[in-house]
Amino acid sequence: MKKINIHEAKTHLSHYLEEVEHGEIVVVCRRNQPVAEIRPLAPHRNKPRPIGLSKGKFTVPASFFEELPEDMLAMFGGAES
């Protein structure tokens, strides 16, 4: 992680963006106090995510399909417990 001040970020932004593209995290500071963090984004998917990645690793219990208790339904409606 690299810390830089705002003036340095404005002056050398393209340089720091190149570092971010290579996995570096840059913290931008104002008067030595962190105010922002520049980090790489997750890569964009070109294909849709495949369905069934967890098949066989998880089973939905039968209780999942049972009705919720009235007090819990009331909380979903905004009532306090």
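This report concerns the structure included in the present document. (Residues numbered from 1 in each chain as written. Predicted model: local features only at pLDDT ≥ 70, side-chain atom pairs only at ≥ 80, totals over all residues. Heavy atoms only, no water.)

**Some remarks on the overall build of the chain**
- Counting its regular elements, the chain contains three helices and three strands.
- For 81 residues, the compact-globule estimate of 2.2 N^0.38 gives 12 Å, and the C-alpha radius of gyration of the chain, at 24 Å, exceeds that figure by more than 25%.
- Taking the principal axes of its C-alpha atoms as reference, the chain extends roughly 60 × 40 × 20 Å.
- Taking all 81 residues of the chain together, 11% fall into the buried category.
- A fraction of 22% describes how many contacts in the chain between residues 6 or more apart in sequence connect residues 24 or more apart.
- Within the structure as shown, the chain displays about 7800 Å² of accessible surface, and the carbon and sulfur contribution to it stands at 56%. (Helix = DSSP H or I, 4+ residues; strand = E, 2+ residues; numbered from the N terminus. Rg over C-alpha atoms; globule rule 2.2 N^0.38 Å. Buried < 20%, exposed > 50% of the residue type's maximum accessible area, 1.4 Å probe, protein only. Contact = heavy atoms within 4.5 Å. Areas by Shrake-Rupley, 256 points an atom, 1.4 Å probe, with all protein chains shown as cover.)

**A word on helix α2 (residues 13-21)**
- Along α2, the residues that are buried comprise Tyr16, Glu19 and Val20. Taken around the axis of α2, the buried residues stretch over an arc of 100 degrees, which confines them to a single face. Across from the buried face of α2, at angles greater than 90 degrees, the exposed residues are Ser14 and Glu21.
- Buried residues belonging to α2 abut β1 (2-5), α1 (6-11), β2 (26-30) and β3 (33-38).
- Immediately downstream of α2, the backbone of Gly23 shows phi near 100 degrees, a positive value. (Arc of directions from axis to C-beta.)

**Some details on the pattern of salt bridges**
- Per the counting criterion, the structure on display carries two salt bridges.
- Note that Glu37 and Arg39 form a salt bridge whose closest N and O atoms lie 2.5 Å from each other.
- Looking at Arg39, the relative accessible area reads 46%, which means it is partly exposed. (Salt bridge = Lys/Arg side-chain N within 4 Å of Asp/Glu carboxyl O.)

**Some points on the pairing of β2**
- Burial within β2 is extensive, with four of its five residues counted as buried.
- Strand direction decides the pairing type here: β1 and β2, joined by four bridges, are parallel. Directly across from Ile4, in β2, lies its bridge partner Val28.
- Note: β2 against β3, five bridges, orientation antiparallel. If you follow Val27 over to β3, its bridge partner there is Glu37.
- Taking the residues between adjacent antiparallel strands as the criterion, β2 and β3 are bridged by two residues, where Arg31 takes a positive phi near 50 degrees. (Pairing = 2+ DSSP bridges.)

**Points about the side chain of Glu19**
- Considering the arrangement of structural elements, one finds Glu19 in helix α2.
- On the accessibility criterion, Glu19 (17% relative accessible area) is buried.
- Side chain to side chain, Glu19 and Lys2 meet in a polar contact 2.8 Å long.
- The contacts of Glu19, once residues within four sequence positions are left out, are Lys2 and Glu24. (Polar contact = N/O pair within 3.5 Å; in protein donor to acceptor, adjacent residues only side chain to side chain.)

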